[in-house]
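Each chain, letter by letter, is given below.
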Amino acid sequence: MGLKRYYNLFVIAVFLLLAWVLYYHAFSSPFYFDDRDSIAANFNIRNIRNLKLVWDFWPTRFISYLSFALNYHFHKLDVFGYHLVNIFIHFCSAVLAWVLSLLSFSAPAMKNSGLSKHSRLISFFIGLLFLAHPIQTQAVTYIVQRSASLAALFYLASLSLYVKSRLLLKEKSPQASQRQWFGLRLAKATSQRFYYAASLFTALLAMFTKEMAISLPFVVLLYEFYFLRYRKVDNTFLTTEISQGKSLESVNEIGGRNFLKNNKEKVNLKCVLPFFILLLSVPLVMWLSKSVNFIEMRRANEPATDISVWNYALTQFKVVATYIRLLFLPLNQNLDYDYPVSKTLFEFHTLASLLFLLSVVIIAFKMLPKYRFASFGIFWFFLTLLPESSIVPIKDVIFEHRLYLPMVGFSFFLVSTIYYILRRKATWLAVIMSVLLTVSYAALTHKRNLFWQNEERFLNDIVSKSPAKARAYNNRGDYYSRMGEYDKAASDFNKAMQLDNFCADAYYNLGTLYVKKGDFKQAIINLNKAIYIDPNDAEAYMNRGVCLYEAKELSRSISDFEKALEINKTYIDAYLNLGKIYSSIGNIKEAVDLFKKVLEIDPFCLEAYADLAAVYERTGNDREIIDIYEKLARINPGYAEGHDSLCAAYGKIGNFKKAILSCKRALELNPDLASAHNNLAVLYYNNKEYDLAIKHCDKASRLGFKINPDFLEELRTYRK
């Protein structure tokens, strides 16, 4: 038991070290593409106390976005924290792939097989391969694709717990009647029920993390068929066959074939059925909660694909073949493939891919039961890929992160196949081959993460590999725009429009580029085109509203801000802009309501506090101003400017004691806050502490604060 514990710790330590080495460069990778909309600019995740906002953003991925909300709560927009969580999830998933493999070797179908004596080595390399393969980088380094890796983590946890519970059911020895769990001695039945309940719970988490988890019940059924319904060959058969000089391994293989022909044992459907019932949980919970209008869900606002069901299905034959090539030979990886859509079945590449995939499936059937582990890996690959590579059209026909969970099946297949082929010659050859594969894949992963680290280099790589794709140029143009290289940005946006005259994002980005340049006329022209192509683009309405406001067209500006809020009810910038307009035209109540709405969404929005305080200053409501800044001081105690504003508010109502305390707190947080020094100088003067007043006045002046000349004249009298 002691050696086993040390072995387990060794494996986990190796996995942890490898994850750190391979993904070390990823820690500084910036937010890319969907990261900005789903995380950086997503106000639904800004307030961890308001879970309804997280739920409303994307109900079927609630757990994913809850994890982003937690990240934002602790790390705001520091990418390090997000990457740390992603890498840790990947490490845990690799550990679970290793655990699942070990458990599988304990299953009735495998524990007497010839392969079982290599179970620790095989399981170790399965976990390593899963961890080190470069195809995993998109699900790990691309922050928003945490939904794929986190769903896979819960998926693997659910299946591993299920297998553990089923193995406990099959144990019949007296020694198995009790179990140790965290130091507690539990009855086997209690332990079994705990594992089973935990498997259902983690399955539910997976289903609310990403939609691809709908394949889990089918994989549980597949696992039952492959490993858990197996029955040993009877002793008479064993004795007879071994006495004739046959090896135990060959006898087990013969027994496995007889099992498929004659075994009457059935799959335990009672254990599997609850997983299928869980498939109803997602629509049921959403319906019962009545918190989401299915038509207005976050994803409903994204552009729909114009690919037909038939064309999408045909294209997926080629895509799956490409996925298999990428698993074996992960070269020329691309975040944004320009993949041709199949028109007919009889196109050469489409038909060839279909025949190839059918051959793989037939081979997988024939490999059972002699090569059970490898056969299971093949079917795992196809089943887990099915939700995103079937007949349901998705806007993008291919993405590498969709291979994250299928990679488990590939690892099972590849590592076990190496041992199936080489074990009879020499185990050390299989080990060397496994090490070489792992090292090769690890080197490619390290290289790929270097690309992710440098945004411009990464975007240039995408453009070079997809030179006819409008989105590639649009994304690079967005980068140049953020970097202030407006000429390069405009060139890329125009190139995107040439390739796709209906690329709404390119028109939108070019419009916002003109906003930055102050050319509001050209900005409105391009934003009009973006809205014409995509009338559900809240950001296009918001930016056009800004342009119309600058053009003094207040009514049209208000209309655009309201339209933006109709599309996106948590669009903070639209609330703020609309509130400022209402405040400027004297609609105080409407302005206050809008600013308060912002603070419901994001209690840390400093601009909303400042705007709300400005409204109350216009109405002379000092008590409300103090309440605002007291609340800000409670929820954001490290914000020096907030304490300084509270000081000014206290001073205005004559509460100099509290004003001085607030001002001192501001200077503790930021000793060079010039306005706080000026406020403190005035307060000390009112308290007749003239030396201190002069000291802070001089400090404020040195920091560049423009001192009231009358106040300077008053202090002149008290200077020595």
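Residues numbered from 1 in each chain as written. Predicted model: local features only at pLDDT ≥ 70, side-chain atom pairs only at ≥ 80, totals over all residues. Heavy atoms only, no water.

Caption draft 1: Structural context of the pattern of salt bridges. Here the structure, examined in full by the defined rule, presents 28 salt bridges. Asp627 is the salt-bridge partner of Arg623, the closest N and O atoms lying 3.4 Å from each other. Taken as a pair, Arg623 and Asp627 lie in helix 30 (residues 622-635) at a separation of four residues, close to a single helical turn. What makes Asp627 partly exposed here is its relative accessible area of 35%. A cluster of three or more residues bridged by salt bridges with shared partners is formed by Arg36, Glu455, Asp478 and Arg482. (Salt bridge = Lys/Arg side-chain N within 4 Å of Asp/Glu carboxyl O. Helix = DSSP H or I, 4+ residues; strand = E, 2+ residues; numbered from the N terminus. Buried < 20%, exposed > 50% of the residue type's maximum accessible area, 1.4 Å probe, protein only.)

Caption draft 2: Inspection of the packing of helix 29 (residues 606-619) against helix 30 at higher detail. At a minimum axis distance of 9 Å, the contact between helix 29 and helix 30 shows a crossing angle of 165 degrees. Classified by the interaxial angle, the pair formed by helix 29 and helix 30 is roughly antiparallel. Here helix 29 runs over helix 30; the crossing is left-handed. For the pair helix 29 and helix 30, contact is made by Leu606, Tyr609, Ala610, Leu612, Ala613, Tyr616 and Glu617 and by Glu624, Ile625, Ile628, Tyr629, Lys631, Leu632 and Ile635, respectively. (Axes fitted to C-alpha atoms, helices over the stretch in contact; angles between N-to-C directions. Parallel < 35°, antiparallel > 145°, perpendicular 65-115°, else oblique. Left-handed = near helix turned anticlockwise from the far one by under 90°. Contact = heavy atoms within 4.5 Å.)

Caption draft 3: Representation of the packing of aromatic side chains within the structure. Counted according to the given criterion, the structure contains 48 aromatic pairs. Their ring planes at 75 degrees and their centres at 5.6 Å tell us that Phe31 and Tyr82 sit as a pair that is edge-to-face. Of this pair, Phe31 sits in the loop between helix 1 (2-23) and helix 2 (34-40) while Tyr82 is found in helix 5 (residues 79-106), placing the two residues 51 residues apart along the sequence. On the accessibility criterion, Phe31 (10% relative accessible area) is buried. Tyr82 sits in the buried class, given a relative accessible area of 0%. (Phe/Tyr/Trp six-rings, centres within 6.5 Å; stacked < 30°, edge-to-face > 60°.)

Caption draft 4: Here's a closer look at the packing of helix 31 (residues 640-652) against helix 32 (residues 656-669). In the contact formed by helix 31 and helix 32, the axes pass within 8 Å of each other and the chain directions differ by 165 degrees. Here helix 31 lies roughly antiparallel to helix 32, going by the angle between them. Like other packed secondary-structure pairs, helix 31 and helix 32 cross with a definite hand, here left-handed. Residues Ala640, His643, Asp644, Leu646, Cys647, Tyr650 and Gly651 of helix 31 form the contact with helix 32, whose participating residues are Phe656, Lys658, Ala659, Ser662, Cys663, Arg665, Ala666 and Leu669.

Caption draft 5: Highlighting the nonpolar core. Counting residues in each nonpolar core, the largest one holds 228 residues, and the members touching the most others are Phe15, Phe227, Phe373, Trp380 and Phe381. The residues contacting Trp380, other than those within four sequence positions of it, are Leu100, Tyr155, Leu156, Leu159, Val219, Leu222, Leu405, Pro406, Val408 and Gly409. (Core = buried A, V, L, I, M, F, W, Y, C linked by side-chain atoms within 4.5 Å.)

Caption draft 6: Here's a closer look at the side chain of Arg476. The topology assignment puts Arg476 in helix 21 (residues 470-482). Excluding residues within four positions of it along the chain, Arg476 makes contact with Leu459, Asn460, Val463 and Asp492.

Caption draft 7: View of the environment of Phe381. Assignment of secondary structure puts Phe381 in helix 17 (residues 372-385). In this structure the C-alpha to C-alpha distance between Phe381 and Met407, which are 26 residues apart in sequence, comes to 7.0 Å. The residues contacting Phe381, other than those within four sequence positions of it, are Val320, Tyr323, Ile324, Leu327, Leu403, Pro406 and Gly409.

Caption draft 8: Up close: the confidence of the model for the chain. When pLDDT is averaged along the chain, the result is 86, and 89% of the positions lie at 70 or above. Here residues 254-264 scores under 50 on pLDDT; set against residues more than four positions off or in separate chains, the count is 19 contacts. pLDDT under 50 marks residues 291-304. Its contacts with residues more than four places away, or in other chains, come to 22 contacts. (pLDDT = per-residue confidence, 0-100.)

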